[in-house]
Amino acid sequence: MRWTQIIPLRVRSLFRRGAVDRELEHEMRFHIEQQTAVNIAKGMTAKDARDAAMREFGGVEQYKEECRDMRQTNWIQDFVQDVRFGTRVLLKSPAFAFVAIFTLALGIGANTAIFSVIDAELLRSLPVSDPQTLVLLEWNAKKDPNHLSSSSYGDCSHVPGAGNSNGCSLSEPLFREIQSQTNAFSNLAAFCGGGELNLSGNGTATTVDSVEYVSGNYFETLGIRPESGRLISSADDTLTASPVAVISYGYWKNQFAGSPSVIGKSITLNRVPFTIIGVAEPRFDALSPGRIIQIWMPLSAQRQLDVPWDNRDADPNYWWLVMVGRMKPGVSRSQTQAAVSAIFLNDVIHGAKPQFKAEDNPNISLVPAQAGLTGDTTDMAVPLYVMMLAVGVVLLIACANVAGLLLSRATARQKEMAVRVALGARRGRVVRQLLTESLLLSIAGGALGIFFAQWVIAAIGAFVAANQEGPSPLNPHIDSRVLLFTAGVSILTGFLFGLAPALRGASTDLTPALKEASGGTPSGRPAARWFTIRNTLVVAQVALTVVVLAGAGLLVRTLQSLRNVDPGFDTRNLVTFRIDPISAGYKKAEVDRFYDNLHDRLAAIPGVTSVSYSWVPLLSGGLWTTGFHMEGEPKDKSEEADLFPTGMDFFRTVKIPFRLGREFNSTDFQTAERNQEIEAAQEALIAASKKNGATGLAEQVNKETASMSPLPAIVNEALVRKYFPNKNPIGIRFGSRVADADEPYASPGWLIVGVVADARYDSLRREVNPTIYQPFTGRGATFTLRTAANPSNFVPQIRSVVAQIDANLPVNRIKTESQQIDSQLFAERLIARLSGFFGLLALLLACIGLYGLLAFEVARRTREIGIRMALGARAEDVLRLVVGQGLALALVGAAIGIGTALGVTRFLSSMLFGVKPADPVTFVGVALCLTFVALLACYIPARRAMRVDPMVALRYE
Amino acid sequence: MTKPTDLLQGTLDLLILKTIALEAAHGWAIAQRIRQVSNNVLQVNQGALYPALHRLEQQGWIQAEWGESENNRRAKFYALTKAGKKYLGREEANWERLSAAIGLVLKTAQG
């Protein structure tokens, strides 16, 4: 009602300002003329009449202005005016504007970037409908379960250990049982990750890195819709159903060019034909954060694909499925939890092979899926939060910097403000003008910050993508909410730090400010007042910088010490690649011949000096440990060693030096082969006896084992030191085990044929454990080639050699050993780079702060310096005066910073390697670096001070 | 800046609204009428009327229209809006309550 009238009025007074003003003018003129006419009628002369009318009316211009104020659109006009004026003022001091905007941009940009990454990686809400009603089933107990095989694909964090053990891998029988026995959930789904698969039938053979096997109701439970086609249903999740697959939207776009004809297309995974039945909707790339699934298949597809552990689906002692349930409306979480726990408890205590005793208090808790499913982000969480702190500190430094700059400027402009107030400007207007200026700065800084953020995010994204197998889960884009937040922060910064100087400017006591020359006089304020806001700001900046630099220094030193770790073999000129003939359809018997053939052909490439293969590459994160029993120890005491199966010539190829004994020979491989066959027979025996409960199993197993020879082994020096000190280990047999009724597994143990020097196995961080190298037999292998020249040059030749043997066999993960190490140190490198970058940024900002302060001081004290020089001070004295102040501030800041850093860096200890949180080298380095840079920052203003001409300075203003 | 008759802002508003409640009037006429009706007691500094008119217009209590004055000159005539009528009613009631209260206080103090 009323607004329909008001709004056009406001709009009119804003945009038709001239017309409105003319009308007002007319109205007032009319009034005065009317009054004049009345006065004339009373008998006054024309002039007197008009004068009286004017007098009676009052100040025309003043009332006009008051009318304008009443229109309430003045603030917009004032604002536009302020913006224009502010821009002009800022353009008049471009150095100040540039530094302030640049500083803000760095602070805002760095924060936007890191918060965007954190938001995308850690805080993203699960891409399902109603994520808040989706729960994850997590088991808890006071100790680790017995008789358990388990697989985890890292969907949630598993904490093993006495006192409190938990995890989210559970058995398939339990899944079926909960599904059928409770109606506590409106839906319960299960899924698990899987290894890579060979894909053919769509152009050249490739590898699918990221697959997931899901229960038939998975997509229904999560509320995911198909982008195209249909998704997996319960009917697909049976052994008799024809194999089907659903692909993700990204995979569809990338590998199938988004073609609609993909629905119904047949692809071959590990030689098994699958039909693509649908594409999932774009938002759903994976349930667990930090990963991107390419293909989903029903759980039953694992048997169809003949993946290694395909018999786990019926085994209650194999825990491998992650379960997520959709809460039923109106049923409380504790009710459901109690129902599920009861089933679980019954299974794990009263099953055929109990995993727990009642006193272990095994139970299932329902955790919100959002919190429980951490996925691949678990490892990134701590580093990202550390980065978050670092950029937060950078933003603080930036704000302190801008605050200092604005304060200096306000002081310098005191006279200007005083003049304005004296000329009748209201204080409110002056404050508004100053606020507008700082707002302009922060908006410009924020805008520039977006570009900077984009650049940082793109750099992080590119770095991640370059170091990761398969699709990169990091979406390099600025999150709009984060942007809004940082924009808010930037504007708030402008207000906060603009306000203090503005209030100060506005409350200027006119007379002294006008009288005093713009610089302080030596007789006026004391020359060096230490506890000023500006000094405090600089000290705070330096201190914060030291904290960031110390942290960065420690992380960079960590990377350095990891790089300096001697892995025990020669990492130069090695190239590795993975090949899996069995997945591509080779029979087990053919594999060895295939490997021999490939070995010979690779060795024939000119420039390749040696070729071997192993189960995984060294330093790739892959680790296999084995428990074994040492003769003479109590029966239930188990020893543990690392196990590394290798092909022939492995030690010669990677250059792990021999201490004693020999390499494996072909007889060793035959022994291994034969043992494996017998073991397979044993396993079949054990599996059969589980079904029909045959007695005398242990005796039978032991009889079989007796026909096995001990496995030839090459051990490392660590193993010899631990178990056979002061003995000649060659020829010693160890680790054999006989079966008994409890544990029907037997082992012939190992026979030591050689001893090699210690070498790192899976990671540079992990100490060398006792390690057993044994002859490699089996499925997929990693070939390692030593080359005479740059190993990357051999990649095309390797590919063509493999293609000559079999064009359908994909060559995977082809990498040089240095790339292998780089990708292993991925997180450390990312963190070292980012923290180093932010450390330098902080240093730069603190420098600008220090420089700004000193430059301002020198300008303020020009007259004082002039007087000093006129009285005989030498250039060195002036230098000392300026540098002394700067250096003193820097040193105080550094001292505070080092104290703080010493307290803070211990929180980094879990990320450090080879350095202590209080590493003296780092701290001394940081202090030296800071002092040096501070000196530089002092020098420029000091030089200006030294060049002050006393005559000019004394006449100055 | 001292004003000869320092009227409370709300009072001036009330006077203006009351003045134009019967018929639309231009600024000069409003000033005249306020003076006449109050027997020259309330001397509005005439210019001060205009910011008040502007404010009332911007708040939507009154609306302005250009028309012909008595002597055939173009003048801006102000009239109450619907909302303005209600507002005036409320303000009048308020004023009466207030003046009654003040009157009461004064009497009590005397007595």
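A quick note: this is a predicted structure, and the numbers were derived from the prediction, not measured. (Residues numbered from 1 in each chain as written. Chains lettered and ligands numbered in written order. Predicted model: local features only at pLDDT ≥ 70, side-chain atom pairs only at ≥ 80, totals over all residues.)

1. Section: the overall build of chain A
In step 1: Counting its secondary structure elements, chain A contains 30 helices and 26 strands.
In step 2: Whereas a compact globule of 957 residues would reach a radius of gyration of roughly 30 Å, chain A reaches 38 Å, over 25% beyond that.
In step 3: Buried positions account for 42% of the 957 residues belonging to chain A.
In step 4: Put simply, of all contacts in chain A between residues at least 6 apart along the chain, 82% involve residues at least 24 apart. (Helix = DSSP H or I, 4+ residues; strand = E, 2+ residues; numbered from the N terminus. Rg over C-alpha atoms; globule rule 2.2 N^0.38 Å. Buried ≥ 20, exposed ≤ 12 C-beta atoms within 10 Å, placed from the backbone. Contact = placed C-beta atoms within 7 Å.)

2. Description of the overall build of chain B
In step 1: Along chain B, the regular secondary structure elements total four helices and three strands.
In step 2: Along chain B, from the amino end to the carboxyl end, the secondary structure elements read α-β-α-α-β-β-α.
In step 3: Of all 111 residues assigned to chain B, the portion counted as buried reaches 33%.
In step 4: Sequence separation of at least 24 residues holds for 49% of the intrachain contacts in chain B that already meet a minimum separation of 6.

3. What about the domain arrangement of chain A?
Accessible area lost on assembly of the parts is the figure often given for the size of an interface.
In step 1: Domain boundaries in chain A define domain 1 (2–72), domain 2 (75–123 + 379–516), domain 3 (127–191 + 312–372), domain 4 (196–306), domain 5 (518–565 + 819–957) and domain 6 (574–788).
In step 2: Once you take the C-alpha centre of each, domain 1 of chain A and domain 4 of chain A turn out to be 79 Å apart. (Domains from an automatic or database assignment.)

4. Looking at the nonpolar core
Residues and elements named next belong to chain A.
In step 1: In this structure, Val394, Val542, Val546, Val548, Phe838, Ala842 and Leu850 are the most contacted members of the largest nonpolar core, which totals 146 residues.
In step 2: Beyond its immediate stretch of four places on either side in the chain, Val546 contacts Ala894, Gly897, Ile898, Ala901, Val926 and Leu930.
In step 3: Of all hydrophobic cores here, the second largest spans 72 residues; its members include Leu299, Tyr318, Val324 and Ile364. (Core = buried A, V, L, I, M, F, W, Y, C linked by C-beta atoms within 7 Å.)

5. So, the pairing of strand β2 (residues 62–68) of chain B
Every regular strand shows the same layout, with side chains that alternate between the two sheet faces.
In step 1: Sheet analysis places β2(B) next to strand β3 (residues 74–80) of chain B, joined by seven bridges and oriented antiparallel. Residue pairing for β3(B): Glu68(B) is matched across the bridge by Arg74(B). (Pairing = 2+ DSSP bridges.)

6. Section: the pairing of strand β9 (residues 244–247) of chain A
All names here are of chain A.
In step 1: The two faces of β9 match: Val244 and Val246 on one face and Ala245 and Ile247 on the other face are all buried.
In step 2: As paired elements, β9 and strand β11 (residues 272–280) share four bridges and run parallel to each other. For Val246, the partnering residue across the bridge sits in β11 and is Gly278.
In step 3: Strand direction decides the pairing type here: β9 and strand β12 (residues 295–298), joined by two bridges, are antiparallel. Bridge pairing in β12 places Val246 opposite Trp296.

7. Observations concerning unusual backbone geometry
Residues and elements named next belong to chain A.
In step 1: In this structure, Ala257 takes a positive phi of about 50° despite not being glycine.
In step 2: Topologically, Ala257 is positioned in the loop between α9 (249–255) and β10 (266–269).
In step 3: Residues other than glycine seldom take positive phi values, yet Lys655 does so here, at roughly 65°.
In step 4: Under the C-beta neighbour-count criterion, Lys655 is labelled partly exposed, with 17 such atoms within 10 Å.

8. Re the packing of helix α18 (residues 533–564) of chain A against helix α28 (residues 875–904) of chain A
Residues and elements named next belong to chain A.
In step 1: In contact at an axis separation of 7 Å, α18 and α28 are set at 40° when each is read in the N-to-C sense. When the axis of α18 is compared with that of α28, the two are oblique. Note on packing geometry: the crossing formed by α18 with α28 is right-handed. Side by side, α18 and α28 meet where Asn535, Val538, Val539, Gln541, Val542, Ala543, Leu544, Thr545, Val546, Val547 and Ala550 of the first sit next to Leu889, Ala890, Val892, Gly893, Ala894, Ile896, Gly897, Ile898, Thr900, Ala901 and Val904 of the second.
In step 2: For the contact of α18 with α28, the residue count by class is 16 nonpolar, six polar and no charged. (Axes fitted to C-alpha atoms, helices over the stretch in contact; angles between N-to-C directions. Parallel < 35°, antiparallel > 145°, perpendicular 65-115°, else oblique. Left-handed = near helix turned anticlockwise from the far one by under 90°. Nonpolar A, V, L, I, M, F, W, Y, C, P; charged D, E, K, R; others polar.)

9. Here we look at the interface of chain B and chain A
In step 1: Between chain B and chain A, the residue contacts involve 19 residues of the former and 23 residues of the latter.
In step 2: Contributing elements (two or more residues each) for the side of chain B that touches chain A: α2 (27–37), α3 (49–59) and β3 of chain B.
In step 3: Among the elements that make up the side of chain B that touches chain A, the one with the highest residue count is α3(B) (six residues).
In step 4: Taken together, the residues of the side of chain B that touches chain A sort by class into six nonpolar, nine polar and four charged.

10. Considerations on the environment of Phe669(A)
Residue and element names in this part refer to chain A.
In step 1: Relative to the helices and strands, Phe669 is located in helix α21 (residues 666–692).
In step 2: Assessed through the 19 C-beta atoms surrounding it within 10 Å, Phe669 is described here as partly exposed.
In step 3: Residues Phe669 and Val128, spaced 541 residues apart in sequence, show a C-alpha to C-alpha distance of 51 Å.
In step 4: If we ignore the near neighbours within four places in the chain, the residues touching Phe669 are Phe664 and Pro775.

11. Here we look at the packing of α18(A) against helix α29 (residues 920–946) of chain A
Residues and elements named next belong to chain A.
In step 1: Look at α18 against α29: their axes get within 9 Å of each other, and the N-to-C directions meet at 135°. Judged by the angle between their axes, α18 and α29 are oblique. Considering how the two elements wind past one another, α18 and α29 form a crossing that is right-handed. Contact residues: Val542, Thr545, Val546, Leu549, Ala550, Gly553, Leu554 and Arg557 in α18; Thr922, Phe923, Gly925, Val926 and Leu930 in α29.

12. Details of the environment of Ser116(A)
Residue and element names in this part refer to chain A.
In step 1: Here Ser116 lies in helix α6 (residues 94–123).
In step 2: Expressed as a C-alpha distance, the spacing of Ser116 and Thr931, which sit 815 residues apart in the sequence, is 34 Å.
In step 3: Ser116 has contacts with Ala453, Ile457, Ile478, Asp479 and Val482, leaving out every residue within four places of it along the chain.

13. Observations regarding the environment of Ala190(A)
In step 1: Within the element layout of this structure, Ala190(A) appears in strand β4 (residues 185–194).
In step 2: Overall, Ala190(A) belongs to the buried group, with 28 C-beta atoms counted inside 10 Å.

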